Amino acid sequence: MKTSFKFSAFFFFSIFLIFQIFSFQIRIVNSQGSTDSCSSNLKLKGELLFDTTSFHCLSVWDQQGYILRYMRTDTNVWSYVLSAPNTNAYIAMGFSKNGKMVGSTAVVGWVSNEGTATMKKYFLGGQSPNEVLPDEGNLQLVNFTSSVIAEDSRIYMAFQLNTEMPSNRLIYSVGQTGMLPSAADFRLTEHQDRISTSLNYNSGQSEKSTPYANLRRSHGLLNMFGWAIFMPIGVMVARYLRQYDPIWFYSHTTIQSLGFILGFVGVISGLVLNNRLQNNVNRHKGIGIFILVLGCLQVIALLARPEKSSKVRKYWNWYHYTTGRVLIMLATVNVFYGIHLGDAGSSWKAGFAVVLVILFITAAIFEIRMWKRK
């Protein structure tokens, strides 16, 4: 009965963590409530230096509440107003040739705690802060038309570019809260989050650009099936089908081996993806590597499995059960976290949640049947 209680508690704790993640994401979305909207003209107490009445307006980053207004206002002049929640962090809009940050030039704006508004352009020559150079880059800003305004919990960054046709590969980013560039060197810290998009200037349609989409999808599916679906199925086979000896053992070993192989390839593909994208996903990456370590320990434990008559067999069993359940719990949480980081959408979350519910109901039915037999 103690083992049954531990098993049930594990699943309830996993479900609790999953719902906590959902609640956290909902709080994030709600906290980014916007007072700006494309349904009405932009009216600010602090006046912009050019009229935006006839501008195109579109939401370019729903997750962060970014709204862009733009228009070609002269022969070689394009005007922009980027609006975003004021989180005591910088906001940035980058113009890229290929959708990547390195090699692009960004316009960055922020408002200090003292109310001082600042806007500068940066050339993103590399990944380190030393390679992000202020007042450099190939953007030609029109003089005396730039402004940054903080109003109604939002920040508005307005500027004009002197160019015949600006790049349509636009990158938006948000800085880390409370880490604004200082007036000493205006060094830009690493962003908290970013998104790469493609803008059709004629139609006013903005699409999210997803580099390495196939690799992203493969990474997610491999880890989802390997660690968070096959592993729990293997655990249930070992727990509820022991009366079919030795079929249960070979089935358990086969399923767990398949899960480990898929998960191993999934983690490796994630490392490759992170190396190519250079995203700040250290927490997700760290949990994934720890899960892989736990999986390797399970393989080693299988190879070093003592005989049933051995005195240390019960300690081996305790180690094997505990490590496996911790692995599944972390994998479940990390899959949801990865879906959130990749902005894969509600369909991925819902699909994975449905599979978990099915597994949970199946385990509950087998658990009840096992209790009745006892």
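Residues numbered from 1 in each chain as written. Predicted model: local features only at pLDDT ≥ 70, side-chain atom pairs only at ≥ 80, totals over all residues. Heavy atoms only, no water.

1. Considerations on the nonpolar core
- With 29 residues, the main nonpolar core has L68, Y80, M93 and Y172 as its most contacted residues.
- Contributing elements (two or more residues each) for this core: β1 (56-61), β2 (66-74), β3 (77-85), β4 (91-96), β5 (105-111), β9 (154-162), β10 (169-175) and β11 (191-200).
- Those residues in contact with L68 that lie beyond four places of it in its chain are H56, C57, L58, V60, Y80, V81, L82, M93, L170, Y172 and L199.
- Counting residues in each nonpolar core, the second largest holds 19 residues, with I229, I291, A331 and L356 among its members. (Core = buried A, V, L, I, M, F, W, Y, C linked by side-chain atoms within 4.5 Å. Buried < 20%, exposed > 50% of the residue type's maximum accessible area, 1.4 Å probe, protein only. Helix = DSSP H or I, 4+ residues; strand = E, 2+ residues; numbered from the N terminus. Contact = heavy atoms within 4.5 Å.)

2. Some remarks on unusual backbone geometry
- With an omega dihedral of 5°, the bond running from D245 to P246 counts as a cis peptide bond.
- One can find P246 in the loop between α2 (213-240) and α3 (247-277).
- A positive phi angle, close to 55°, is found at F186, a residue other than glycine.
- Inspection of the secondary structure puts F186 in the loop between β10 and β11.

3. Some details on the domain arrangement of the protein
- We note that the domain assignment places domain 1 (56-208) and domain 2 (212-373) within the protein.
- Taken over C-alpha atoms, the centre of domain 1 sits 41 Å from the centre of domain 2.
- At the junction of the two partners, domain 1 supplies seven residues and domain 2 supplies eight residues.
- Broken down residue by residue, the surface that domain 1 buries against domain 2 is led by Q63, R194 and K208, which jointly contribute 51%.
- Across the domain 1-domain 2 interface, the total number found is zero salt bridges.
- If you look at where domain 1 meets domain 2, you find zero residue pairs in polar contact (both at pLDDT 80 or more).
- For the side of domain 1 that touches domain 2, a count of residues per class yields no nonpolar, three polar and four charged. (Domains from an automatic or database assignment. Buried area = accessible area lost by both parts, 1.4 Å probe. Salt bridge = Lys/Arg side-chain N within 4 Å of Asp/Glu carboxyl O. Polar contact = N/O pair within 3.5 Å; in protein donor to acceptor, adjacent residues only side chain to side chain. Nonpolar A, V, L, I, M, F, W, Y, C, P; charged D, E, K, R; others polar.)

4. Considerations on the sheet that holds β2
- Strand order in the open sheet made by the five strands is β1-β2-β3-β9-β8, with antiparallel pairing throughout. Every other strand in the sheet has two partners, leaving β1 and β8 (147-151) as the edge strands with one partner each. Strand-to-strand twist across the sheet, computed as the mean angle between neighbouring axes with direction ignored, equals 20°.
- Alignment of β3 against β9, held across nine bridges, turns out to be antiparallel. Residue S83 lies in a different strand from β9, and its bridge partner there is Y156. (Pairing = 2+ DSSP bridges. Axes fitted to C-alpha atoms, helices over the stretch in contact; angles between N-to-C directions.)

5. A short note on the packing of helix α4 (residues 282-303) against helix α5 (residues 313-341)
- In the contact formed by α4 and α5, the axes pass within 9 Å of each other and the chain directions differ by 155°. As the angle between them shows, α4 and α5 are arranged roughly antiparallel. Relative to α5, α4 is oriented so that their crossing is left-handed.
- Across the contact of α4 with α5, the residue classes break down as 15 nonpolar, nine polar and one charged. (Parallel < 35°, antiparallel > 145°, perpendicular 65-115°, else oblique. Left-handed = near helix turned anticlockwise from the far one by under 90°.)

6. With respect to a nonpolar patch on the surface
- There is a patch of nonpolar side chains on the surface, built from I261, F264, V265, I268, L271, V272, I289, F290, V293, L297, I300 and V326 and spanning about 920 Å² of accessible area.
- Among the secondary structure elements, those contributing two or more residues to the nonpolar patch are α3 and α4.
- In terms of residue count, α3 provides more of the nonpolar patch than any other element does, six residues in total.
- Within the secondary structure layout, V293 lies in helix α4.
- Residue classification places V293 among the partly exposed positions, given a relative accessible area of 40%. (Patch = residues over 30% accessible without salt bridge, like charges linked within 9 Å, V, L, I, M, F, W, Y side chains within 5 Å. Areas by Shrake-Rupley, 256 points an atom, 1.4 Å probe, with all protein chains shown as cover.)

7. As for the UniProt feature "transmembrane region" (unreviewed entry) in the protein
- The UniProt record marks residues 221-241, 253-274, 286-304, 316-339 and 351-368 with the feature "transmembrane region" (unreviewed entry), using the residue numbering of this structure.
- The span residues 253-274 is 100% helix and 0% strand, and its two end C-alpha atoms sit 31 Å from each other.
- Within the segment residues 316-339, helix and strand shares are 100% and 0% respectively, and the terminal C-alpha atoms sit 34 Å apart. (UniProt positions renumbered as here; feature names shortened; annotations may be inferred.)

8. Remarks on the packing of aromatic side chains
- Applying the stated criterion across every chain yields a total of 16 aromatic pairs.
- Here F50 and F55 contribute two aromatic rings whose centre-to-centre distance is 6.0 Å and whose plane-to-plane angle is 15°, an arrangement assigned as stacked. Each member of the pair, F50 as well as F55, carries the same accessibility label: buried.
- If you follow K120 out to its NZ or CZ, it ends over the ring of F186, 4.5 Å from the centre.
- Taking NZ or CZ as reference, R242 lies 4.2 Å from the ring centre of W248, over its face. (Phe/Tyr/Trp six-rings, centres within 6.5 Å; stacked < 30°, edge-to-face > 60°. Lys NZ or Arg CZ within 6 Å of the ring centre and 35° of its normal.)

9. Comments concerning the pairing of strand β12 (residues 205-208)
- Here four bridges tie β11 to β12, and the two strands are oriented antiparallel to one another. Looking at the pairing, L199 lines up with S206 of β12.
- Joining the antiparallel neighbours β11 and β12 is a turn of four residues, in which G204 adopts a positive phi near 75°.

10. Side note on α4
- With 22 residues, α4 extends 32 Å from end C-alpha to end C-alpha; this agrees with the ideal 32 Å at 1.5 Å per step.
- Looking at the packing, one finds that the buried side of α4 touches α2, α3 and α5. (Expected span 1.5 Å × (residues − 1).)

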